Amino acid sequence: MNGNAFTRLVDYPTALRLVLACAAGSARPMTRVPLAQATGRVAAADILATTCRPPADISAMDGYAFAHDAMAAHAPLPVAGRTVAGDRPEPLAPGHARAILTGARIPAGADCVMAAERMAVVGHAVAPATPLAARGANIRRQGEEFATGTRLVARGQVLDWRHVALLAAQGLRDVPVTRRPRVSVLSNGAELAAGAASACPDSNAPMLASMLGAIGARVSTHAAPTDDVAAQAVHLRAAIGGADIVVTTGGISVGGTDHMLDILRDMGADVVFRGVAIRPGRPLTVLELGGRTIFCLPGNPGAAAICALMFVRPYLRTVMGADTPQPAIPATAGFTADAPAGVTQFIPVTLHHGPDGACCRRVPTVGASDIIAFSRADALLAVTAENPIRAGQVVWGMPLS
Ligand SMILES: Nc1nc2c(c(=O)[nH]1)N[C@H]1C(S)=C(S)[C@@H](COP(=O)(O)OP(=O)(O)OC[C@H]3O[C@@H](n4cnc5c(N)ncnc54)[C@H](O)[C@@H]3O)O[C@H]1N2
Ligand code: MOO
């Protein structure tokens, strides 16, 4: 044992608040990316419409445009020309109709469109075959969808196909986004050395690279496959160099080979908190060093996953400027669960379609070392002594992917 015992655990809400406070001081600078690469990136500025939509009055139908009064009084009207999408049409000659296609600008002088299948063609003229449509019918008015100056995308929006469509329709080719934070992931422990007597493949680094890369981080992975303090310090320094954020796993508990905290303290890091009242994941320790936040996650893969999901992921979203919260999914609990006093317990669940909407079932887990439970689960639930889960109650699942 060493002098790094978990003497003052912070509770989960406090730990999350402290982590997000660290993130608040390190907002990312801006860059521009082509729309095709914008999915998952965070808008770095509000984007306002430079043109309204539709940009002019346009036809909603393939058919005929005409002046309502003229058609009411003098049908059939002779057809003069055709207007298609992309044209700038000549004004309509008085007393005439114009063949028009969907999306085409309405010629000046026309104030009504009827679909072709509702019109009778009489020689070179057209007349309604059904009751005459109302004045203004089948015309999409200029700006009816949005006006010039409308905010199309808010700063902090996580971009997806919906925003890509909107921005592309404005003729934009790229979009201002926050830069991707560089995250160094470092796995610690002599058991990770290929030649170890009882070698343990490193699953934490690939897991974290996958999880954090998926939300936009640029992740590099490092290994300190040793329990030697000096050697671990060398690997840690290499991981810190060039990174905005460092995430280590292993070597953060109180065992004789758990050196991360001592090494970081020797480097001058300030401890933000040491240990959180969560299960699994209690050893999570967060420090700040030279403007970087350093997350020391427990080595147990299940515990490392929970700490990354519940702390590193929201931290990165905040650093990237995302202001939309991670969506949570409501579901009816199909089970009962309690937690000990003073602890937030995270339990994996599956989500199903039930008779009254989504319902969830508990996934069996052997605890912090478990790596298969998450692959069978869809979401995590938080349980406390004050907020136990009772069968039939609506709970909010935090998605795992
Ligand atoms: N006396 C105490 N012992 C422990 C405590 C405690 O409070 N007092 N806390 C326990 C808890 S909770 C956890 S979680 C673990 C965390 O310990 P460490 O963060 O120091 O992790 P290690 O001991 O290095 O490794 C734990 C476990 O995970 C495996 N591991 C490590 N790295 C990887 C990796 N990259 N890929 C896959 N698996 C990895 C490692 O082989 C160990 O089996 O401490 C408890 N002990
Ligand atoms: O809290 Mo540890 O992370 O359970 O095994």
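All chains use their own residue numbering, which begins from 1 and follows the written sequence. Going through the entries in the order they are written, you letter the chains from A and number the ligands from 1. Local features in a predicted model are, by the rule used here, given only for residues with pLDDT of at least 70; side-chain atom pairs are given and counted only at 80 or more, and totals for whole chains, interfaces and linings are based on all residues. Heavy atoms throughout the structure, all of them, feed into the side-chain values; hydrogens and water do not.

### Remarks on the overall build of the protein chain
Turning to step 1, where the next piece is worked out: For the protein chain, the helix and strand inventory stands at eight helices and 24 strands.
Turning to step 2, where the next piece is worked out: For the radius of gyration, the atom set is restricted to C-alpha positions; the globular benchmark scales as 2.2 Å times the number of residues to the power 0.38. Radius of gyration (C-alpha) of the protein chain: 31 Å, far over the 21 Å computed for a compact globule of 401 residues.
Turning to step 3, where the next piece is worked out: Reported as C-alpha extents along the three principal axes, the dimensions of the protein chain are approximately 100 × 50 × 35 Å.
Turning to step 4, where the next piece is worked out: Buried, partly exposed and exposed residues are distinguished by accessible area as a fraction of the type maximum, computed with a 1.4 Å probe on protein chains only: under 20%, between the cut-offs, and over 50%, respectively. The burial tally for the protein chain puts 45% of its 401 residues in the buried class.
Turning to step 5, where the next piece is worked out: Computed with a 1.4 Å probe, the accessible areas rest on the Shrake-Rupley method; for each residue, only the protein chains presented here act as cover. Element-wise, carbon and sulfur atoms account for 55% of the exposed surface of the protein chain, whose accessible area totals about 18900 Å². Secondary structure elements are defined from DSSP: runs of H or I of at least 4 residues count as helices, runs of E of at least 2 residues count as strands, and each element is numbered from the N terminus.

### Overview of the site of ligand 2
Turning to step 1, where the next piece is worked out: Working definition: residue near molecule or strand if any one of its non-hydrogen atoms lies within 4 Å of it. Around ligand 2, the neighbouring residues are Pro280, Gly281, Arg282, Pro283, Pro298, Asn300, Ala303 and Ala368.
Turning to step 2, where the next piece is worked out: Any pair of N or O atoms that falls within 3.5 Å is considered a polar contact. Within protein, one atom must be able to donate a hydrogen and the other to accept it, and sequence-neighbouring residues count only if both atoms are side-chain atoms. The contact in question runs from an oxygen atom of ligand 2 to an N or O atom on the backbone of Arg282, over 3.0 Å.
Turning to step 3, where the next piece is worked out: Between ligand 2 and Asn300 there is a distance of 3.4 Å, counted from an oxygen atom to a side-chain nitrogen or oxygen.

### Some details on the layout of surface pockets
Turning to step 1, where the next piece is worked out: A cavity here means a set of points on a 1 Å grid, drawn over the protein atoms and nothing else, where a 1.4 Å probe fits but cannot get out; a pocket is an open set with protein on both sides within 12 Å along at least five of seven lines, and a residue lines either one if it has an atom within 4 Å of a point. Grid points are joined across faces, edges and corners, and a volume is the space filled by probe spheres set on the points. As a volume, the largest pocket reaches approximately 420 Å³.
Turning to step 2, where the next piece is worked out: Taken together, 21 residues line the largest pocket, and the ones lying closest to its centre are Ala214, Ile215, Arg317, Gln326 and Ser401.
Turning to step 3, where the next piece is worked out: Broken down by element, the residue count for the lining of the largest pocket peaks at three residues, all from helix H4 (residues 204–214).
Turning to step 4, where the next piece is worked out: Each residue gets one of three labels, nonpolar for Ala, Val, Leu, Ile, Met, Phe, Trp, Tyr, Cys and Pro, charged for Asp, Glu, Lys and Arg, and polar for the others, Gly among them. Grouping the amino acids of the lining of the largest pocket by side-chain chemistry returns 10 nonpolar, seven polar and four charged.

### Describing the nonpolar core
Turning to step 1, where the next piece is worked out: Side-chain atoms within 4.5 Å link the members of a nonpolar core, which is a set of buried Ala, Val, Leu, Ile, Met, Phe, Trp, Tyr and Cys residues. Of all hydrophobic cores here, the largest spans 45 residues; its most connected members are Val247, Phe295, Leu297, Phe311 and Leu316.
Turning to step 2, where the next piece is worked out: When contributions to this core are tallied by element, the ones reaching two or more residues are helix H1 (12–24), strand E13 (182–188), H4, strand E15 (245–249), strand E19 (292–297) and helix H7 (301–319).
Turning to step 3, where the next piece is worked out: Looking at this core element by element, the count peaks at 11 residues for H7.
Turning to step 4, where the next piece is worked out: Those residues in contact with Leu316 that lie beyond four places of it in its chain are Pro181, Val183, Leu212, Ile215, Ala217 and Ile245.
Turning to step 5, where the next piece is worked out: One finds Ala224, Ile263, Met267 and Cys296 within the second-largest nonpolar core, a separate group that totals 19 residues. In this analysis, two residues are considered to be in contact whenever any of their non-hydrogen atoms come within 4.5 Å of each other.

### What to know about the site of ligand 1
Turning to step 1, where the next piece is worked out: Neighbouring ligand 1 are 24 residues; Glu191, Asp202, Ile252, Arg282 and Gly299 lie closest to it.
Turning to step 2, where the next piece is worked out: Residue Ser203 places a main-chain N or O atom 3.0 Å away from a nitrogen atom belonging to ligand 1.
Turning to step 3, where the next piece is worked out: Gly251 is positioned with one of its backbone polar atoms (N or O) 3.0 Å from an oxygen atom of ligand 1.
Turning to step 4, where the next piece is worked out: Considering ligand 1 on its own, with 870 Å² of exposed area, one finds that the protein chains cover 71% of that surface.
Turning to step 5, where the next piece is worked out: Classifying every residue of the shell around ligand 1 gives 10 nonpolar, 10 polar and four charged.

### Here's the deal with the sheet that holds strand E9 (residues 125–128)
Turning to step 1, where the next piece is worked out: Read across the open sheet, the six strands follow the order E7-E4-E6-E5-E9-E8; overall the sheet is mixed. Edge positions in the sheet fall to strand E7 (112–115) and strand E8 (119–122), since each has one partner strand and no second. Going from strand to strand, the sheet's axes swing by 40° on average, the running direction of each strand aside.
Turning to step 2, where the next piece is worked out: Strands pair, by our definition, only if DSSP identifies at least two bridges between them. In the sheet, strand E5 (residues 77–83) pairs with strand E6 (residues 97–100) via three bridges, with the strands oriented parallel. Bridge assignment links Thr83 to a residue of E6, and that residue is Ile100. A fitted line through C-alpha atoms represents every axis, and for helices the fit uses only the stretch in contact; the resulting angles, taken between N-to-C directions, go from 0 to 180 degrees.

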